[in-house]
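Here is what each chain is made of, one letter per residue.
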Protein chains: 4
Amino acid sequence: MSDERTPPATRDQYVQFLPIGTRWADNDVYGHVNNVVYYAWFDTAVNRILTTHGLDIHQGPIIGLCVESGCRYHAPLAYPEDVEVGVRVAKVGRSSVRYELGVFRAGEARASGATGQATAAAEGFFVHVFVDRQTRRPSALPEPLATALRSLVR
Amino acid sequence: MSDERTPPATRDQYVQFLPIGTRWADNDVYGHVNNVVYYAWFDTAVNRILTTHGLDIHQGPIIGLCVESGCRYHAPLAYPEDVEVGVRVAKVGRSSVRYELGVFRAGEARASGATGQATAAAEGFFVHVFVDRQTRRPSALPEPLATALRSLVR
Amino acid sequence: MSDERTPPATRDQYVQFLPIGTRWADNDVYGHVNNVVYYAWFDTAVNRILTTHGLDIHQGPIIGLCVESGCRYHAPLAYPEDVEVGVRVAKVGRSSVRYELGVFRAGEARASGATGQATAAAEGFFVHVFVDRQTRRPSALPEPLATALRSLVR
Amino acid sequence: MSDERTPPATRDQYVQFLPIGTRWADNDVYGHVNNVVYYAWFDTAVNRILTTHGLDIHQGPIIGLCVESGCRYHAPLAYPEDVEVGVRVAKVGRSSVRYELGVFRAGEARASGATGQATAAAEGFFVHVFVDRQTRRPSALPEPLATALRSLVR
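Thresholds, definitions, all that
- Position numbers for residues start from 1 in each chain and track the written sequence from start to end.
- The naming scheme follows written order: chains are lettered A onward, ligands numbered 1 onward.
- It should be noted that, the model being predicted, local features are given only for residues of pLDDT at least 70 and side-chain atom pairs only at 80 or more, the latter also being counted only at that level, while totals for whole chains, interfaces and linings use all residues.
- Think of it this way: DSSP has to see at least two bridges between two strands before they count as a pair.
- Only DSSP runs of H or I reaching four residues or more are called helices, and only runs of E reaching two or more are called strands; each is numbered from the N terminus.
- Interaxial angle, 0 to 180 degrees, is taken between N-to-C directions of lines fitted to C-alpha atoms, where a helix line uses only the stretch in contact.
- Copy-to-copy alignment: least squares on C-alpha atoms, limited to residues at pLDDT 70 or above in both.
- By definition, residues are in contact whenever their C-beta atoms, placed on the basis of the backbone, come within 7 Å of each other.
- Charged means Asp, Glu, Lys or Arg here, nonpolar means Ala, Val, Leu, Ile, Met, Phe, Trp, Tyr, Cys or Pro, and polar covers whatever is left, Gly included.
- The exposure scheme places C-beta atoms from the backbone and then counts, for each residue, the other C-beta atoms within 10 Å of its own, assigning buried at 20 or more, exposed at 12 or fewer, and partly exposed in between.

> Any details on the sheet that holds strand S4 (residues 96-105) of chain B? Residues and values, ideally.
Reading across from one edge, S1(B)-S3(B)-S4(B)-S5(B)-S2(B)-S2(C)-S5(C)-S4(C)-S3(C)-S1(C) is the order of the 10 strands in this open sheet, with antiparallel pairing throughout. Each edge of the sheet is formed by a strand with only one pairing partner; in this case those strands are strand S1 (16-20) of chain B together with strand S1 (16-20) of chain C. Within this sheet the neighbouring strands show an average axis-to-axis angle of 30°, counted without direction. Where S1(C) lies against strand S3 (residues 83-92) of chain C, five bridges are found, and the strand directions are antiparallel.

Spelled out as structure tokens, the structure:
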């Protein structure tokens, strides 16, 4: 909604896509998915990747805490349409990871952008610091998880 | 958790199944999907059926208001596992519908119940009264929607 | 919305009242608080009572699991108005408690009902079974908590 | 959690404070308020200010759409503690407003920071573009609302 803003991201800028089903309550009184819900989707997509690669959210020794997040909104979405969250990893540190995410309409391969590609309805980021579950002090990422996350760097 | 309770429903007691992806925030501090979330799934499943059969939630002349709901919880579920909500319609009135719903683990076809079938992790119901969007007075269901809902009576 | 339904409860039918601030996202696309949100308020009110009387939701040996809940909706509410949840306890068993709840507009003392009293916008119930945090087997309520809950029986 | 980060904001950096009651479901599986919930509080606080100054979220000619938001998290919070959201306005444009928000423990006046003041558990921002409800094209802020928002510039 502003000339100064970077153009919306395209699907080829993300490495992995996770499907998200919208829910009735995602829409707010203005009829579209509420801005807050996108962050719930980010949490859902990122943790699904983490649990697939071995993070045990119930009993594991480390947990991922969000220390910063942000989102720019380009176009509305609404229940009941389904979405896909594209994920790439921008940086894997010793105990932290920065994810970058793009929200796309499900199945939308192309749109009318200059690139002829579907563009993101929203783009966000999310920084996890991994900490010891008990002490909540930063803790190094286990190597298998770090390797999996590095494979999502574009 | 009580001898007096009716045994959990089985999949063959429902007519249509809708997939629901769990979300990070569905789990509460005790590690499982919070009891409240099941109602959000019911709303999502029921309205997906309604919109498929022509209900326009944004501009249509009638809207469905929940006048009563309830749920019994049999077994825990947790993100990131996916679920399916089974739906049957118990009664279609002039302006009201009673839905009955069962929540099952996705893809779970069989389990160790006496019937050899998967049993519901939770069972609920939900009563919609359809009203005029402006006056909020009860309004007859449009015939195509009523017909579609009657096809979900078991 | 039905002749057969019991009239809405009045404030004198509840023992303790807890304030709840509504949130932007409580309203759904139809402009009023979504039916699901009332259950989130019930959870919030009940657990606030439990924690006040010693339940440690983070580390305590027992936790309360919801095994059944239900709600009847009488009148709409909407953000930004605030509400109060009235609570009474219907029954305290060895390891279970049945709470009954009424949702009222905050500060609303009187209304146009036959009794001249404010009537509930919604009435619900909620059954907790207390279980051991590890084994998830039913566990007797600690006596101080049971005593506190019995004081909420009307 | 990083040396490069600006120190957390103090209460004197905000102009208006709005109370927020936490809810059971605000806590996630790790025992603290989920990062997503802070954005729901921002929406709640900002829209409460807007409705107080005349925005009609149900029928008014203009609506506020979030085009960008972000949050940095400094310290955990958990239900059942209550919070206050401090708000200041950074900029009022013709049709847009940038709010900056700080989340504080309720009633916490002082803490151990270098300034001797309570510091924010989280700091965020939120940009609204006001648009025509029907066309969704940017629309000038009504003067009374613009004036009220300018009074929140620090």
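> Which residues make up the relation of the copies chain B and chain A, and what values go with them?
Structural alignment of chain B on chain A gives an RMSD of 0.0 Å, achieved by rotating through 180° and translating 0.0 Å along the axis. Considering both components of the superposition, the chain copies are consistent with a two-fold axis. Relative to the rotation axis, the C-alpha of B:Gly21 is the closest in chain B, positioned 3.1 Å from it. The overlap is high: 100% of the interface residues of chain B also sit at the interface in chain A, so the same surface is used on both sides.

> So, the sheet that holds strand S2 (residues 62-73) of chain D: which residues are in play, and what are the values?
The sheet built from 10 strands is open, its strands ordered S1(A)-S3(A)-S4(A)-S5(A)-S2(A)-S2(D)-S5(D)-S4(D)-S3(D)-S1(D) with antiparallel pairing. The open sheet has two edge strands, strand S1 (16-20) of chain A together with strand S1 (16-20) of chain D, and neither has a second partner. Taken over all neighbouring pairs, the strand axes of this sheet differ in orientation by 30° on average, direction set aside. Sheet topology note: the strand S3 (residues 83-92) of chain A/strand S4 (residues 96-105) of chain A ladder contains nine bridges and is antiparallel. The residue bridging A:Glu84 from the neighbouring strand is A:Phe104, located in S4(A).

> Hey, could you go over the interface of chain B and chain C for me, with residue numbers and the actual values?
Taken together, the contact between chain B and chain C spans 20 residues of the former and 20 residues of the latter. The set of elements that each furnish at least two residues to the side of chain B that touches chain C consists of helix H1 (35-52) and strand S2 (62-73) of chain B. At nine residues, the largest contribution of residues to the side of chain B that touches chain C is made by S2(B). Taken together, the residues of the side of chain B that touches chain C sort by class into 14 nonpolar, three polar and three charged. Relative to strand S2 (residues 62-73) of chain C, S2(B) runs antiparallel, the two sharing five bridges. Counterpart to B:Cys71 in the pairing with S2(C) is C:Ser69.

> Report on the pairing of strand S5 (residues 122-132) of chain A, specifying residues and quantitative values.
Residues and elements named next belong to chain A. Burial analysis of S5 places nine of its 11 residues in the buried class, the great majority of the element. Bridge count between S4 and S5: eight bridges; the pairing is antiparallel. Bridge pairing in S5 links Arg98 to Val127.

> Residue-level account of the environment of D:Leu149, with values.
All names here are of chain D. Summarising the element assignment, Leu149 is placed in helix H2 (residues 143-150). On the neighbour-count criterion, Leu149 (22 C-beta atoms within 10 Å) is buried. Expressed as a C-alpha distance, the spacing of Leu149 and Val33, which sit 116 residues apart in the sequence, is 29 Å. Non-local contacts of Leu149, meaning those with residues more than four positions away in its chain, are made with Val89, Val92 and Val97.

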